Structures are given as structure tokens and as C-alpha cells.
Amino acid sequence: MDAEVIVVGAGPAGASTAFHLASRGRQVLLLDRQTFPRDKSCGDGLTPFSVRLLDEMGVLAELPQMQRVRGGRVFMRGRGHRDFLYPDEEDGRGHGLVVPRYVLDDALRRHAVRAGAEFVAGGRVQRPLFQDGAVSGVEFTLNGEASTLRAAVVVAADGASSRLARENGHGHRGAGLGYAIRGYFDGIRGLTDLLELYLPLTDVSDRYVLPSYGWIFPTSESSANIGIGLFERARGENVRELMDRFVGDLRAQDGRFDGMRACGALRGAPLRFDFVPEHCHAPGLLRVGDAAGMVSPFTGEGISYALESGRLAAEVIDRNLKPGRTQLHDLSDYAVLLERQFAGYFEVGRRSARRYQLVWHVLDSTFENEKPLFSLCRQAVLFPEGVGDTHPSRVLDDVGPLLTPGVLNVREDLFRVGEVVMEVVRRDWPFLGRIPAGGRGDPGVPFRPALLLLLASYFGDPRAPHLITVGGALELGYLSALAHLSVEDEGDRSIQEDGVPPANWGNMLAVIAGDFLLTKAYRLCAEAGSPVSLMISEALQRVCEGRLEELRLRDQPALQESAYLDAVGRKTATLFELPCRLGGLLGGATEGHVHALGAYGLNLGVAFQLTDEALSLTGEESRLGRTTGVNLREGIYGLPVLRVFQRQDETSTQLRRRLARLPLTDEDLAGARALLISSGARDETLQLAREFADRAVGCLDALPEGAARLSLSRLAAYAVDRELPARYPQGWRTS
Amino acid sequence: MARVLEGAIDTEDPDLREMAQLLVLRGGKRIRPALVLTAACFGDVRREALIAAAAAMELMHVASLYHDDVMDRAPLRRGGVSANDMWGNARAALAGTYLFTRSSALLATLGDEVNRLSADVAERVCTGQLHEVENAFNLELTEGEHLEILTQKTAALLELPCRLGGILSGAPQTQVDALAGYGRHLGLAFQLADDALDLAGVSRRMGKATSTDLREGIYSLPVLRALGGPNAGPLRELLGRARIQEKEIDAAVGLVRAGRGVEEVLQLARSHAGRAAAQLEELPVLPARQSLVELATYVVSRAA
């Protein structure tokens, strides 16, 4: 053998594979037909996740100072723009970078070589070699001389038009194939530290929307990488002409580009979106990065997937390569890892191209919509940060400090619940399973129903059957409620020229996704038996009643506080009560204990909701991304507003005046917020929330002391103060 | 059954009661409850449970109507104003979800098997709907994929009442399966005939459904057939427009009608009706069997 592993292609995916293998002491041969450094067609944008991966590999420090980016600005055709900022992370890595591939790829390649990989430039891999039905090496031509190179595994990292993949029967077949083109420009004025995306482009007649976008990724204040991506072959569209039109429009319509000059020629490359985990391995062969079709069909992003798939491939190869083995037939672990890591980020296979239309229509028609489903969708589709973090582990990060050492199984069980949820939606729409993982540090995360269910089961038998399944059902049910909540009324604003309203894609998605998730939830809980189904049905029925009550109480300034709290109890607190009761019941707790758990859940729910209302006044996003702005705009007054209205004083009059004008302007909202804070209504609401949290803790008195009870009591405290207690220094992690 | 229906959707909330009652009490054809009760004639009838199942089937169906109308922005339903038109989308969608929870609660009282079967079907219906919407504007949708979607989204909701009627009346398994097969083919016959007749402009909705569907990029079988026919070029051109206008829809409908698609799909509907009736040969010759055969004939003979 010439090496243990041959990696064909030294771009980010190949270099990452070679680096991770070489640093594990594997003998790696890294081949590329070009000499480095070399130029490459790409947007050059690195997401924070890419930055993190580069940092973990130790490459970040080797890069020269590059343009930092804080997030993206998306221009939706005819609808203005919105900014998406990367979440700040404590360690300061919550930023992206723009690094030309000329620089990045060479740094990565050198890093792999330094780790011990052998690099051969300027040679061409002609075809794979086979032995006993497995790839056993490659035929290689260097300086006109052909040779054969043998290895136990060959990794295809040879890009979107992968020769190796084609030889191996998994080349593209037209579907899921696009094209991107870019150039470098300078002489631009006023670029910021945001990536700019323009969605979508239209054809020359402006009648057909093309599955495409344009980008401007700043490399400095006055220079940028500008390009366009096209996601499927569009009728008679010439990519070059589309690019010229995009650049021409920028010059004509945006003063920043008046003096723009092109630096060098345009460069294009195919894009592949045909990722299917099972196609990424064959006997003796793995595919990584672009060669595996791992490119986001919405942003064209591929670097982070390239780096990550390279790491996973290295992990699988290293684990399976035993001394003395010259061939590796079964590399299917790789598909399993890919599926786990990326399900939901790429829609699998041919579906991605199809679903593009649906998601595009939804994005377009809900671009200004603040309802939780749509803001989560926008975030997940356009800026899917955190790829590679599986959502159960993220939940655990946020929940960990609340758990006491006696409930160790909860961590593992929560992970299994997450797997159940993903498994259920994986085949049809894995994207939906990603939605609850919307943001790191979401204050709602510790109140996930599965956690309450699992903790409550400790008052009986936490190993009782069906807990995991029902936990999954509850998570799906709650997601469904979230989706359904996003259905909205509409006025006459959307009538189009011929008098017929266009489809309301937002409502369509909200209803379809909500129904889909709801019935998935029912199917899961039916496995636990009809009494469980009945309980869930009855709880959801109360939620419907509560939500209706809330709608009915809209625009009622004279609303009694008790009536409001009653609606909150039904709509929100029921969702906390149900998992507490179910956990007790499924675990086999006594009737008295189940009752106490339910009462705890109800009070906890009210405490949580009131805290959300108070905190959102100071701009903190509330649970599910619902902000006071959305609620006030819909005439749904929270408790702080009702408190002020009750007073009949000057503040009350001012607030009424502020909220009387509809639709509310941003200024009205800001004014209302200020009044609610200065009047003390915010603090009073927090006080009331604290009383409910105390009541919740009081309910726990009826339960036996222990780790589960302590955890529930910590949760109640967290519901109002939103501060995680210091982590247990040791012990709790050792499950 | 009317009493059970009213009882099942009763709630302390006066608005919700009114909203839930809107379509339930307006009646409609109530084919699904009728199927439960007719299918039950082949076993030893257990009255209470059957009535509950029949009511649950109607509620599940009506729940889907509330949600369909929100999605389609339909102004009318069952000979009157739709719930969304009367109370807005948010409330109408809520009423639909509420009815679904009531239906599920009823089914959960009928034992684990019924509960599980019903949950499976509800899941299939919604998965079919999801697949339909995610194929919006997909001009390459194959006939096989389309029929699979119809089987999930429409046929399953006629298969379930037949199966439940058989199970709850204690009919033997072979008869239950025959009844379920009947329901499935009946559902396909019903949907295909509906699509063909609506396109031909002779249905009760006067082509309204076709127009809404084309606007939303949902293509029925006659349209898919036309996309594979001689008028495919100009039809593609029209359907690919970013925001299709009313007169363009009319032109597209004209192109579809000009082909043989409508007649072929009606023919396919009749063949499913025939297969539905053929399933019943497993069953004893009872008046109920004759009723089911007649229903299958009826659903494909609505061309006025």
C-alpha cells in the first residue's frame, strides 16, 4: 500500500479529512491536480460555525487578519431588507469571516501537511481502482506518467463535478445541480460588516422568479466578493448574463456601487445539492463536502459542511482501520453520523429542489411577519447557525445546571427524546425537528415538556415504559401548537391586481406544519395506550379554549385581571401541567402525588408566562420569539398593560392613547414600553410571577424530598429569575 | 348520532361552541359516519361504540374542512359562509384543531386498537397534505407520486370509517380488510371524479377548486396528464409564471380541457369505483352491501 488513506482533492473537505486523519497518526496521501495557492470560485463567507471548526483545528491563528462579519442582511425582492445577527457567544466566536479561498485553502492544506499528511500537487486522478468489489486505490497521472496508488480507503473530496463519485455511480443526474459565479470588485463605498444576500433574482422579462440569489460579501469597506447562485437549471437562463444583470442593477439602483470596478475575471463553478447520506459511502470510498452534494440550497454555504464532513469521515475511517487490514468494505457508520448531524439542514436528495419552491414562497410572503414559526424558519433557512450541534445536546447545556445529582438519567433520557422526535420527522420533513433548537440559550428550553415529564416520573419509576415515547409526543405536540399559533387573520391588503388574493403561504405552512406535527404526536402517544391519548386530547382542547379566550379578550382595556390569569392558565399553564401529571401517572406515582405535580405545573406555567411578559418589555425576546410588539399589535394586552389600565391615572390615559392608534408604529410601541416600565407595572408583574413560582414550590411540599423535587424547585426559581444556578462542580456529569 | 355529535363538541366556551357547530350542524353528506354504520352491518352491531366512532369520523373530517378553508381562503362551505370568512383565520383554524382534539378524545374511548388505527390514518392524511404542498409548482410530479398523495390524503379518510365499522361490529378480519379496501378505492374514485368534473366546469363548485389549486401550484391528474400531452409547452409556460393571473388560469384550464385528460381521469375514477365494488364480493349479500355498491356508482356519476 502507498498509504492507509488517499484523499483526492485538497479543498476544505479534503484538507480537513487529511488533517484529522494525520493528527490521529494515520498515513495519508493528499492529491490535487492544482498547485497551491490557487484561486477558487466561492462566496468566501465563513459562518461562525466554520470559524469555530477552524479554531478547533488550529487553523484560525494561521489566517491573516480578515474581514469580520456580524451577520447577514437579506434583501427580499420588493420587500426591503432584514438583518440577521449571529448570536454573541461568550468566547467571542460569534462572528463570521470573509476569507478568499486563495488564502483559506492554502492555509488548510499546509495545516494538514504539518500534521503529517503527504501532499502531491499537479497530478490527475484518472479513475478509481477496484479489488474484491471495493475501491482499493486510484490511477494517477503526474507529469505525464501514469501510476497506481493503493490504499485501504479513498476519500472523494474532488468537488461538485466529482470524477470519483461519477465513476462510482453516484454522480449527479441533473437534479440538484446548480451553478455559481463570482468576481472581486473594488471602488465600492460604505460596505458594512454584514453579508448581503439578494433573494430572489428574476429572469430578463421579470415575470419568472428564478431559484437563485445574489450576494455581496465584503472583503473590506470598499471591496467585495460579488456573485450569484442558481439552484437549478432555469429555462434558457445564462448564468453569465444573470450575473451581468445583477451587477448592472446594483450600479443603477444603489449609489454605493457607482464607482465599482471589477478586479480580475469572473469565475464560476457548479453547485451540487443532491446530498443523500447513504450515497456518501461505498466499499472503500467516502465522499465529503461538495463531492457529497453538501451545499445549502438557500445560501450556497458549503465550507462548514466540508470541514465537518471531513472530520466525520476521518473519525469513521480511523475507527474502522485495524492493523493489517488493507481494505474497508463497510463504511456505513459514516452515513449514520451524517444523517444525525445534518438531517434538517439539507433536505435529503431530490426533495430539496422541490421544497425550494414551498420554502421560497413562505419566506417571500412572511418576510415581515414576526410570528414565531416564520422567524424561526427564516433563521433556520437563511442562517442555520449551529449546524453540527445536535439539538438534544444543546438542551442539555441549558438544562444541566438545574438538575441535581440524583436525576442522572434525565440527561440521557432527554437525549433519547430528541432522537425520537428527529426520527419521527426525519423521513418527511427533518427541518421541522430543527425548529425547537432555534437559538442557544432560549429561556424556554429548560421548560421543554419532556424535562418536566421525566422529572415527574421520579416520583414513581423513572424507568417505566413509554416515558421516552410520550416525551417525544409532547415535544411534537408543543411544536404543533407553536406552528398553529402562527395562523393569522388578514385584511384586504393582499389582493392582487386581478382582484383575486394570492395564496397565503404563511398560513398554509402554519396549518400544514401544525397538523403534521400534531398527528405525529398523536401517533406516538397512541403507542402508550388510549388513556394517554385521551389526556393529551383533553389538554389540547383546553389550550384551544384558552387561546380563543385570549383572542376574545383582545382590545379589552377593562379586562379583569382574574379573567386574564384564567386565560393564561388555560392556554399556557395547561402545557406545563400536562407533562407533570403524565410523568407522574406513567411512572406510577400515587394519586395525591400526581395531583400535586399537576398543581405545581399550573403555577409554574403562570409564573413563566408572567415573567416573559415583564421581561419582553425591556427588549428581551420572550419564549418562542414572541415579543410584546407582536402581542400589542394584535391587541393582546399582557398583565403589565392591564395593571396600568386599572389605575385610571395619568399614566393610564397616556398608555391608552398610545395603544389606541392602530396599526401601532414603532414609536408607539417604544412609548408604551417606557410607560409600562416607569409606572412600575413591569416590577409588579414580576412580583406576581414570583408569587406563582412560590406557590409552585409550595405544591411540592406534598411530594417526597429528593433530587427530583429539588430539581423542580430550582426550575420554579429559574422561571422567574432566569439565572442558571452555578453548575454542580462534579458528579452530575458522570452518568 | 346528532346528539352524540353535539355532545362531543360541547364546551363551556360559547364562541367555540358556535364556531364548532357551524359546519357540524350544517350537515353535508355525512358520508363517513354513514360508512361506519353501513360497514357495521356485517358484524354483530355494538351500538354505543359505533355511534361514537361515526361521530368521531365526521368530526375529523369537518376539522380538516376548517383547516382546508383557511389554507385555500375559501369563502364558502357546505352551502354557507366558511368559518374563516365569518370569524377570521386564527379562530377558524382553532376551531378545526379543537374539533380534531374532540374527535381524538372520542376515539381514545374506543380502545387501544381503534385509537392506534385512527392515529395512523390521521398521520397519513397530514403527511399526504404535506407532500402535496411541498410539490407545489412541481411540473415534473409523476402520476404515481400524485396518486400516492391522493391515497394518503383523501382515500385514507374513507378507508378508516369502513375499517372501524367492521372492527367495532366484530366482523372477521377478511371482511374488515375487504371493507377497508372498498373505502380506499371509493376515496380514490371520489377524488379523481371530483378533480375531473371540476376541471370540466360541471361540478358544484364550478371550477373554483381548479382555479384555487392552479394558483397554489397544486396540479390535479388532468393537469398532469396535459403536462405530458401535446399542449405541454404552452401550459408549462403559463403555470411557471411567478404570480399567475386569472386570465392565465383560464387559458391554462382551456389547454387542459382541450386534451383527453378529463375523460381519461373520469375513466380511471370509474375503474376505481369498480374495484371498490369488487372488494365487496368477500362480504355476505346484505342490503348494506348493495348500498355500498350504489355509493361507489354514485360518486363517479355526478356529471350533471
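Predicted model, so just to flag it, every value in this text is computed and none were measured.

Analysis parameters
Residues numbered from 1 in each chain as written. Chains lettered and ligands numbered in written order. Predicted model: local features only at pLDDT ≥ 70, side-chain atom pairs only at ≥ 80, totals over all residues. Heavy atoms only, no water. Helix = DSSP H or I, 4+ residues; strand = E, 2+ residues; numbered from the N terminus. Buried < 20%, exposed > 50% of the residue type's maximum accessible area, 1.4 Å probe, protein only. Contact = heavy atoms within 4.5 Å. Areas by Shrake-Rupley, 256 points an atom, 1.4 Å probe, with all protein chains shown as cover. Rg over C-alpha atoms; globule rule 2.2 N^0.38 Å. Lys, Arg positive; Asp, Glu negative; His and termini not counted. Charge placed at Lys NZ, Arg CZ, Asp CG, Glu CD. Pairing = 2+ DSSP bridges. Buried area = accessible area lost by both parts, 1.4 Å probe. Salt bridge = Lys/Arg side-chain N within 4 Å of Asp/Glu carboxyl O. Polar contact = N/O pair within 3.5 Å; in protein donor to acceptor, adjacent residues only side chain to side chain. Phe/Tyr/Trp six-rings, centres within 6.5 Å; stacked < 30°, edge-to-face > 60°. Lys NZ or Arg CZ within 6 Å of the ring centre and 35° of its normal. Expected span 1.5 Å × (residues − 1). Patch = residues over 30% accessible without salt bridge, like charges linked within 9 Å, V, L, I, M, F, W, Y side chains within 5 Å. Core = buried A, V, L, I, M, F, W, Y, C linked by side-chain atoms within 4.5 Å.

Another aspect to go through is the overall build of chain A. Each helix and strand counted, chain A has 24 helices and 19 strands in total. Buried positions account for 62% of the 735 residues belonging to chain A. Considering only intrachain contacts with a sequence separation of at least 6, the fraction spanning at least 24 residues in chain A is 75%. Looking at chain A as shown, the accessible area adds up to about 27,200 Å², and 49% of this sits on carbon and sulfur atoms.

Right, let's get into the overall build of chain B. Helix and strand counts for chain B stand at 15 helices and two strands. Taking 304 residues into account, the globule formula puts the C-alpha radius of gyration at 19 Å, and chain B, at 20 Å, falls close to it. C-alpha extents for chain B along the principal axes are approximately 55 × 50 × 30 Å. With 304 residues in all, chain B has 63% of them scored as buried. Nonlocal contacts in chain B, meaning residues at least 24 apart in sequence, comprise 74% of its contacts between residues at least 6 apart. Surface accessibility of chain B: about 11,500 Å² in total, with carbon and sulfur atoms responsible for 52%. Where the 33 positive side-chain charges of chain B centre and where its 39 negative ones centre are 3 Å apart.

Another aspect to go through is the sheet that holds strand 2 (residues 28–32) of chain A. Residues and elements named next belong to chain A. Strand order in this open sheet of six strands is 8-2-1-12-19-18, and the pairing throughout is mixed. One side of each edge strand has no neighbouring strand; the edge strands of this open sheet are strand 8 (118–121) and strand 18 (281–282). Bridging between strand 2 and strand 8 involves four bridges; their strand directions are parallel. Looking across to strand 8, one finds that L29 is bridged to E118.

Right, let's talk about the interface of chain B and chain A for a bit. Taken residue by residue, the interface counts 55 residues in chain B and 57 residues in chain A. Of the roughly 5,300 Å² buried at the junction of chain B and chain A (both faces included), carbon and sulfur atoms supply 57%. Area buried by chain B at its contact with chain A is led by B:R73, B:L130 and B:E134, which between them contribute 13% of it. Counting across the interface, chain B meets chain A through two salt bridges. A salt bridge links A:K520 to B:E123; its shortest N-O distance comes to 2.7 Å. Counting across the interface, chain B meets chain A through 10 residue pairs in polar contact (both at pLDDT 80 or more). Broken down by secondary-structure element, the contributors of at least two residues to the side of chain B that touches chain A are helix 2 (14–26), helix 4 (47–72), helix 6 (89–108), helix 7 (112–134) and helix 12 (232–239) of chain B. Looking at the side of chain B that touches chain A element by element, the count peaks at 14 residues for helix 7 of chain B.

Summed over all chains, the structure comprises 53 salt bridges over all chains. Two residues, A:R110 and A:D106, come together in a salt bridge whose shortest N-O distance is 3.2 Å. Residue A:R110 and its partner A:D106 are both found in helix 3 (residues 101–115); the two are separated by four residues, about one turn of the helix. Relative accessible area serves as the criterion here: at 10%, A:D106 is assigned to the buried category. In this structure, the salt-bridge partner of B:K153 is B:E132, at a minimum N-O distance of 3.5 Å. Of this pair, B:K153 sits in helix 8 (residues 143–168) while B:E132 is found in helix 7, placing the two residues 21 residues apart along the sequence. One network of salt bridges, with partners in common, ties together A:E308, A:R311, A:E315, A:R319 and A:D333.

So, on to the packing of aromatic side chains. Tallied over the full model, the rule gives eight aromatic pairs over all chains. Between A:Y522 and B:F100, the aromatic rings sit 5.3 Å apart at their centres with planes inclined by 80°, giving edge-to-face as the arrangement. Within this pair, whereas A:Y522 is found in helix 15 (residues 505–526), its partner B:F100 is found in helix 6, the two belonging to separate chains. Clustering of aromatic rings is evident, with ring pairs tying together A:F75, A:Y198 and A:F246. Seen from the ring of A:F119, A:R109 lies directly overhead, with NZ or CZ sitting 4.7 Å from the centre.

Here the focus is the environment of A:V421. Residue and element names in this part refer to chain A. Structurally, V421 is set in helix 11 (residues 409–426). Residue class for V421 comes out buried when judged on its relative accessible area of 2%. If we skip the residues at most four places from it in the chain, V421 touches G472, E475 and L476.

Under the 1.5 Å per step criterion, the end-to-end length of helix 14 (residues 467–484) of chain A is 25 Å for 18 residues, consistent within 8% with the ideal 26 Å. Summarising burial for helix 14 of chain A: 17 of the 18 residues are buried, a large majority.

A word on a positive patch on the surface. Taken together, the side chains of A:R33, A:K40, A:R124 and A:R163 present a region of like positive charge at the surface. With respect to the helices and strands, A:K40 occurs in the loop between strand 2 and strand 3 (45–46).

Now for the sheet that holds strand 3 of chain A. Residue and element names in this part refer to chain A. Read from one edge of the open sheet, three strands run 3-7-4, paired in antiparallel fashion. Pairing within the sheet leaves two strands with one partner each, and these edge strands are strand 3 and strand 4 (67–69). Here strand 3 pairs with strand 7 (residues 96–98) via two bridges, running antiparallel. Counterpart to L46 in the pairing with strand 7 is L97.

Below, the discussion takes up the pairing of strand 5 (residues 71–76) of chain A. For a regular strand, side-chain orientation follows a simple rule: the groups alternate between the two sheet faces. Residue and element names in this part refer to chain A. Strand direction decides the pairing type here: strand 5 and strand 6 (residues 81–85), joined by five bridges, are antiparallel. The partner of G71 across the bridge, within strand 6, is L85. Between strand 5 and strand 6, which pair antiparallel in sequence order, lie four residues; one of them, G78, sits at a positive phi of approximately 75°. Pairing geometry for strand 5 and strand 14 (residues 194–199), over six bridges, is parallel. Within the sheet, the bridge partner assigned to G72 lies in strand 14 and is L195.

Now for the nonpolar core. The biggest cluster of nonpolar side chains holds 156 residues, and the ones touching the most others in it are A:L582, B:L35, B:L99, B:Y182 and B:L239. Top contributing element to this core by residue count: helix 4 of chain B, with 16 residues. For B:L99, the contacting residues outside a window of four places in its chain are B:I9, B:A20, B:V24, B:L59, B:V62, B:A63 and B:Y66. Core analysis: the second largest hydrophobic core is formed by 56 residues, A:A10, A:L54, A:V288 and A:V316 among them.

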